[in-house]
Amino acid sequence: MTPASHSSDAFVFFGATGDLAYKKIFPALQALIRRGELDMPVIGIAKAGWTLEQLRQRARESLEHAGEVDEQAYAQLCRRLHYIDGDYADPDTFRKLGKALAGAMHPLHYLAIPPSLFPSVIKQLAESGCARDARVVVEKPFGRDLASARALNRVLHGAFEESSIFRIDHYLGKEAVQNLLYFRFANTFLEPVWNRDYVQSVQITMAEDFGVQGRGGFYEETGALRDVVQNHLLQVTALLAMDAPVGHDAASLRAEKLRLFRGMRPLRPDDVVRGQFDGYRDEPGVAKDSNVETFAALRLHIDTWRWAGVPFYIRAGKSLPVTATEILVDLKVPPLAIFDTIEPPQSNYFRFRLSPEVVLSTGARVKRPGEDMRGQSVELVARRDITDQQTPYERLLGDALRGDASLFTSDESVEAAWAVVDPVLDLDMPVLPYAPGSWGPAAAAGVVTELEGWHDPAPEPIPENATTPPGVG
Ligand code: BG6
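Because the structure is predicted, anything quoted here is derived from the model rather than measured.

Rules and cut-offs
- The residue count restarts for each chain, going from 1 along the sequence in the order it is written.
- Where local features are concerned, this predicted model is filtered to residues with pLDDT of at least 70; where side-chain atom pairs are given and counted, the filter is 80 or more; whole-chain, interface and lining totals use all residues.
- Water and hydrogen atoms were dropped before computing side-chain values, which therefore reflect all heavy atoms in the structure.
- Think of it this way: any DSSP run of H or I at least four residues long counts as a helix, any run of E at least two long counts as a strand, and we number them from the N terminus.
- Every radius of gyration here is taken over C-alpha atoms, with the globule rule written as 2.2 Å times N^0.38, N being the number of residues.
- Categorising residues by exposure relies on relative accessible area from a 1.4 Å probe, with only protein chains included: less than 20% of the type maximum marks a residue as buried, more than 50% marks it as exposed, and the intermediate range marks it as partly exposed.
- Two residues form a contact once any of their heavy atoms are found within 4.5 Å.
- Residue-level accessible areas treat just the shown protein chains as cover; the underlying method is Shrake-Rupley with a 1.4 Å probe.
- Think of it this way: Lys and Arg go in the positive column, Asp and Glu in the negative one, and His and the chain ends go nowhere.
- A charged residue contributes its charge at one atom only: NZ of Lys, CZ of Arg, CG of Asp or CD of Glu.
- Two strands form a pair only when DSSP identifies at least two bridges running between them.
- The convention used is that axes are lines fitted to C-alpha atoms, helices contributing only their stretch in contact, and that angles between N-to-C directions extend from 0 to 180 degrees.
- By nonpolar core we mean a set of buried residues, namely Ala, Val, Leu, Ile, Met, Phe, Trp, Tyr and Cys, connected to one another through side-chain atoms within 4.5 Å.
- Helix span, expected: 1.5 Å multiplied by one less than the number of residues in the helix.
- Under the pairing criterion, centres of Phe, Tyr and Trp rings, with the six-membered ring standing for Trp, must be within 6.5 Å; the plane angle then separates stacked pairs below 30 degrees from edge-to-face pairs above 60, leaving the rest tilted.
- Nearness here has a simple test: a residue counts as near a molecule or strand if at least one of its heavy atoms is within 4 Å of that partner.
- The term polar contact refers here to a pair of N or O atoms within 3.5 Å; inside protein, the definition further demands a hydrogen-donor-capable atom paired with an acceptor-capable atom, and it admits residues adjacent in sequence only when both atoms are side-chain atoms.
- Each residue receives one of three labels: charged for Asp, Glu, Lys and Arg, nonpolar for Ala, Val, Leu, Ile, Met, Phe, Trp, Tyr, Cys and Pro, and polar for the others, Gly being one of them.
- One fitted axis covers the seven residues ending at a residue, a second covers the seven starting there, and the bend at that residue is the angle between these axes.
- Patch building starts from residues that exceed 30% relative accessible area and form no salt bridge, then joins like charges within 9 Å and nonpolar side chains (Val, Leu, Ile, Met, Phe, Trp, Tyr) within 5 Å.
- The working definition used for a salt bridge is a side-chain nitrogen of Lys or Arg within 4 Å of a carboxyl oxygen of Asp or Glu.
- When an angle is under 35 degrees it counts as roughly parallel; over 145 it counts as roughly antiparallel; between 65 and 115 it counts as roughly perpendicular; any other value is oblique.
- Should the near helix be turned anticlockwise from the far one by less than a right angle, the crossing is left-handed, and should it be turned clockwise, the crossing is right-handed.

Draft legend 1. Local environment of the overall build of the protein chain. For the protein chain, the helix and strand inventory stands at twelve helices and 15 strands. Since a compact globule built from 473 residues should have a radius of gyration of about 23 Å, the 24 Å found for the protein chain is in line with a globular shape. For the protein chain, the C-alpha atoms occupy an extent of roughly 80 × 50 × 40 Å along the three principal directions. Within the protein chain, the fraction of its 473 residues that count as buried is 53%. Counted over contacts in the protein chain with a minimum sequence separation of 6, partners at least 24 positions apart contribute 77%. With an accessible surface of roughly 21200 Å², the protein chain has 54% of that area assigned to carbon and sulfur atoms. Here the protein chain contributes 50 positive and 64 negative side-chain charges, whose respective centroids are spaced 2 Å apart.

Okay, here's the thing in structure tokens:
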């Protein structure tokens, strides 16, 4: 077992010539080098027939694509970089890895490869001795349903202790997502209202204004429920709804999140509306009769003391009108309408914009100037400047190297989250078509009550006289 106090002393990544390495890993490695957190061998593995020089070149292209080559950091990366070209099923590849690791006591192995290859690589790592005192980082998707997630956990536990397994959900590495947890438990004013007595409903929307961007083959195996709901959006729900952890160590945090996941009621078919944007079936790699959903809207119940009876509405989709992830925690209307005869829906709320901007706001009613006691809706808005932040991958890989598992998913949580969506995966019901640029099929309106309606995230206005509130930005 690798005690959490040990930092890793070698970084191994499988899938070195792949898309994820190109888009996310090399930029994260450069950033870690700049912060002095990657003073160790970096060993890339792939079966591409490449040379080390080609991998260095690829790293440069990746950094150029990400918009920043720091020549000094890049030169250091090149000095530390090794490359092993070999088949993941061939023991010889792992013998070479063992040699390259000579001197490293606690390597970190990052599996940036298709999930179908996980079992064979994990087995080879164990048999070659490369898993000893090592950590492993596993990319999403972690399984494709509850049964396969359990099977993958069994394979991992055959080679690594749970404390050495880091399951990535990059959403948890986002600054705005961590702020949810901080904001909830660092402010006293929230706790009295954060429950079934005051909250009417919670909505979480993850909208993307683009389609599958050439990833049709991947998406055909996934769909919106597996791609972003089971992981990103249920994780966000857990942070929003969990009780306070007893400490801020990884174990306490994981324990409370797990309790929350276990309180989520498994979805039933009539809790879910699935949609598919017109044109999806013409994407390369997509079947002409595909029944895969590019949109899902669902009603989730959390059967805990705090949340019983409060609906959590979750919606995610491709080819929607905007790209934005936003949470709206809508508060109940006051018990008596003393001033206005009717309170407009969603007038008293907390709104968290998680991306692309980071915004936190409170919606309230105030008196409209004039003689009448009539009201108007206003928002108190705090915006955060996110230009100089660590990317989720930089943050998460840095944490994994240090052995901090707080932002990673445990075996029990990942299975509990699958148990929520499992009953509605692969439903034998047609998906409903929707026009690209719309908010999904009309039937999605039936997921929420007529009074509430969906809250559609809008492009975030940048106020002309924007000032940064104290302590923000
Ligand atoms: C990924 C999904 O996990 O998250 C993609 O596979 C999705 O389909 C992406 O577009 C969104 O993440 P971000 O950080 O770009 O909002």
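Draft legend 2. Molecular detail of the sheet that holds strand E5 (residues 135-138). What the six strands build is an open sheet, ordered E3-E2-E1-E4-E5-E6; its pairing is parallel. With partners counted over all chains shown, the strands left at the sheet margins are strand E3 (81-85) and strand E6 (165-167), one partner each. Each strand of the sheet is rotated relative to its neighbour by a mean of 20°, with strand direction disregarded. Here five bridges tie strand E2 (residues 42-46) to E3, and the two strands are oriented parallel to one another. Of the residues in E3, the one forming a bridge with Gly 44 is Tyr 83. Here helix H2 (residues 52-66) sits on the sheet in contact with E2 and E3, set at roughly 120° to E3.

Draft legend 3. Representation of the nonpolar core within the structure. One finds Phe 11, Phe 14, Leu 97, Tyr 110 and Phe 352 to be the most contacted residues of the largest nonpolar core, which totals 143 residues. With residues up to four places along the chain from it excluded, the contact list for Phe 14 reads Ile 45, Tyr 88, Phe 94, Leu 97, His 109, Tyr 110, Leu 111, Ala 112, Ile 113, Val 121 and Leu 125.

Draft legend 4. Here's a closer look at H2. In a regular helix each residue adds 1.5 Å, so 15 residues correspond to 21 Å; H2 covers 21 Å between its end C-alpha atoms and thus fits that length. Of the residues making up H2, those classed as buried are Leu 55, Arg 58, Ala 59, Arg 60, Ser 62 and Leu 63. Those residues of H2 that are buried are in contact with helix H1 (19-34), E2, helix H3 (71-80) and E3. Positive phi appears at Gly 67, one or two residues downstream of H2, with a value of about 90°.

Draft legend 5. Structural context of the packing of aromatic side chains. On inspection of all chains with the given rule, the structure shows 16 aromatic pairs. Three or more aromatic residues joined by ring pairs form one cluster here, namely Phe 183, Phe 189, Trp 194, Phe 350 and Phe 352.

Draft legend 6. Just the sheet that holds strand E8 (residues 272-277), in detail. As summarised here, the arrangement of the nine strands in space is E14-E13-E12-E11-E7-E10-E9-E8-E15, forming an open sheet in which the pairing is mixed. Lying at the two open borders of the sheet, with one neighbouring strand each, are strand E14 (375-384) and strand E15 (432-434). Ignoring which end each strand starts from, the neighbouring axes of this sheet average 20° apart. The sheet contact formed by strand E11 (residues 324-331) and strand E12 (residues 349-355) spans six bridges and is antiparallel.

Draft legend 7. Spatial organisation of the site of the ligand. In the vicinity of the ligand, the residues found are Lys 140, His 170, Tyr 171, Lys 174, Met 206, Glu 208, Arg 215, Asp 227, His 232 and Lys 318. His 170 places a side-chain nitrogen or oxygen 2.8 Å from an oxygen atom of the ligand. A distance of 2.6 Å is found between an oxygen atom of the ligand and a side-chain nitrogen or oxygen belonging to Asp 227. Contact with the protein chains removes 74% of the 390 Å² of surface that the ligand exposes when unbound. Taken together, the residues of the shell around the ligand break down into two nonpolar, two polar and six charged.

Draft legend 8. Just helix H9 (residues 223-241), in detail. For H9, built from 19 residues, the straight-helix expectation of 27 Å at 1.5 Å per residue is met to within 8% by its first-to-last C-alpha distance of 25 Å. Helix geometry: H9 is bent most strongly at Val 229, by close to 50°.

Draft legend 9. Seen up close, the environment of Leu 111. Summarising the element assignment, Leu 111 is placed in strand E4 (residues 107-111). Exposure remark for Leu 111: the relative accessible area of 0% places this residue in the buried category. In this structure the C-alpha to C-alpha distance between Leu 111 and Lys 140, which are 29 residues apart in sequence, comes to 9.7 Å. When near neighbours in sequence (up to four residues on either side) are disregarded, Leu 111 contacts Phe 14, Phe 118, Val 121, Ile 122, Val 136, Val 137 and Glu 139.

Draft legend 10. Up close: a nonpolar patch on the surface. A surface patch of nonpolar side chains, amounting to about 490 Å² of accessible area, comprises Leu 336, Ile 338, Phe 339 and Met 373. Within the fold, Ile 338 resides in the loop between E11 and E12.

Draft legend 11. Focus on the packing of helix H5 (residues 118-127) against helix H6 (residues 146-157). Put simply, H5 and H6 touch, their axes get as near as 9 Å, and they point 15° apart. As summarised for this structure, H5 and H6 are arranged roughly parallel, according to the angle between their axes. Every pair of crossing elements has a handedness; the one defined by H5 and H6 is left-handed. In this structure, H5 uses Phe 118, Pro 119 and Ile 122 to contact H6, whose residues at the interface are Leu 152, Val 155 and Leu 156.

Draft legend 12. Geometry of the pairing of strand E1 (residues 10-14). Across the five residues that make up E1, a large majority, five, are buried. Where burial is concerned, the two faces of E1 agree: the one with Ala 10, Val 12 and Phe 14 and the one with Phe 11 and Phe 13 are both buried. Pairing geometry for E1 and E4, over five bridges, is parallel. Bridge pairing in E4 links Phe 13 to Tyr 110.

Draft legend 13. Fine view of the pairing of strand E9 (residues 295-301). Burial analysis of E9 places seven of its seven residues in the buried class, which makes it a mostly covered element. Burial along E9 is two-sided: the residues Phe 295, Ala 297, Arg 299 and His 301 and Ala 296, Leu 298 and Leu 300 are all buried. Relative to E9, E8 is paired through four bridges, and the arrangement is antiparallel. For Arg 274, the partnering residue across the bridge sits in E9 and is Ala 296. Strand direction decides the pairing type here: E9 and strand E10 (residues 311-317), joined by seven bridges, are antiparallel. Looking at E10, one finds that Phe 295 is bridged to Gly 317.

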